[in-house]
Amino acid sequence: MAVDFSNAVRTDKGVQVAGIIMQEIIDKCEGCNRIQEFDGSKFCNTYPQPAAKWRLGDCNFATHIAREVKGKAKINPLKASKRVAKGK
Ligand code: SF4
């Protein structure tokens, strides 16, 4: 669920939404559709700590990066063995 920045307030600890301190986005977030601007700063409307989402690799909610499809097409082992037997 997206964070509703209409209730955001700037406090001395930072921008706060529903009691949660929101941290600004990082460079890798630029171009993502989840970026929300508030009071001249950019935030993620999904995660309060965008930097943490990128710490272990690509953010899994980023809308601006292409993800590789891992793995090959599935091969039916029965059909594969028949193909080998026929010499195809
Ligand atoms: S969803 Fe991920 S990439 Fe997009 S703004 Fe949030 S933390 Fe950044």
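Residues numbered from 1 in each chain as written. Predicted model: local features only at pLDDT ≥ 70, side-chain atom pairs only at ≥ 80, totals over all residues. Heavy atoms only, no water.

**Student:** Where do I start with the overall build of the protein chain in this structure?
**Tutor:** Scanning the protein chain from N- to C-terminus turns up two helices and five strands. For the protein chain, the N- to C-terminal ordering of α and β elements is β-β-β-β-β-α-α. Along the longest, intermediate and shortest principal axes, the C-alpha atoms of the protein chain span 75 × 25 × 20 Å. Residues counted as buried form 22% of the 88 residues belonging to the protein chain. A total of about 7,000 Å² of accessible surface is found on the protein chain, and carbon and sulfur atoms cover 52% of it. (Helix = DSSP H or I, 4+ residues; strand = E, 2+ residues; numbered from the N terminus. Buried < 20%, exposed > 50% of the residue type's maximum accessible area, 1.4 Å probe, protein only. Areas by Shrake-Rupley, 256 points an atom, 1.4 Å probe, with all protein chains shown as cover.)

**Student:** I'm lost on the environment of Gln16 in this one. Help?
**Tutor:** Inspection of the secondary structure assignment puts Gln16 in strand S2 (residues 14-17). In this structure the C-alpha to C-alpha distance between Gln16 and Phe5, which are 11 residues apart in sequence, comes to 8.9 Å. Excluding anything up to four places from it in sequence, Gln16 contacts Asn7, Ala8, Val9, Thr11 and Ile21. (Contact = heavy atoms within 4.5 Å.)

**Student:** Looking at this model, I keep getting lost on the side chain of Ser41. Mind explaining?
**Tutor:** Within the fold, Ser41 resides in strand S5 (residues 41-44). Residue contacts for Ser41: discarding those within four places in its chain leaves Arg10, Glu24 and Gln36.

**Student:** Would you mind showing me how to read a positive patch on the surface here?
**Tutor:** A surface patch of like charges, here positive, comprises Lys79, Lys82, Arg83 and Lys86. Position of Arg83 relative to the elements: it lies in helix H2 (residues 77-86). (Patch = residues over 30% accessible without salt bridge, like charges linked within 9 Å, V, L, I, M, F, W, Y side chains within 5 Å. Salt bridge = Lys/Arg side-chain N within 4 Å of Asp/Glu carboxyl O. Lys, Arg positive; Asp, Glu negative; His and termini not counted. Charge placed at Lys NZ, Arg CZ, Asp CG, Glu CD.)

**Student:** Where do I start with the pairing of S5 in this structure?
**Tutor:** Each regular strand shows side chains that alternate between the opposite faces of the sheet. Alignment of strand S4 (residues 35-38) against S5, held across four bridges, turns out to be antiparallel. Opposite Phe38, over in S5, you have Ser41 as the bridge partner. From the end of S4 to the start of S5, which pair antiparallel, there are two residues, and Asp39 there has a positive phi angle of about 55 degrees. (Pairing = 2+ DSSP bridges.)

The values reported here are purely geometric and, on their own, carry no functional implication.
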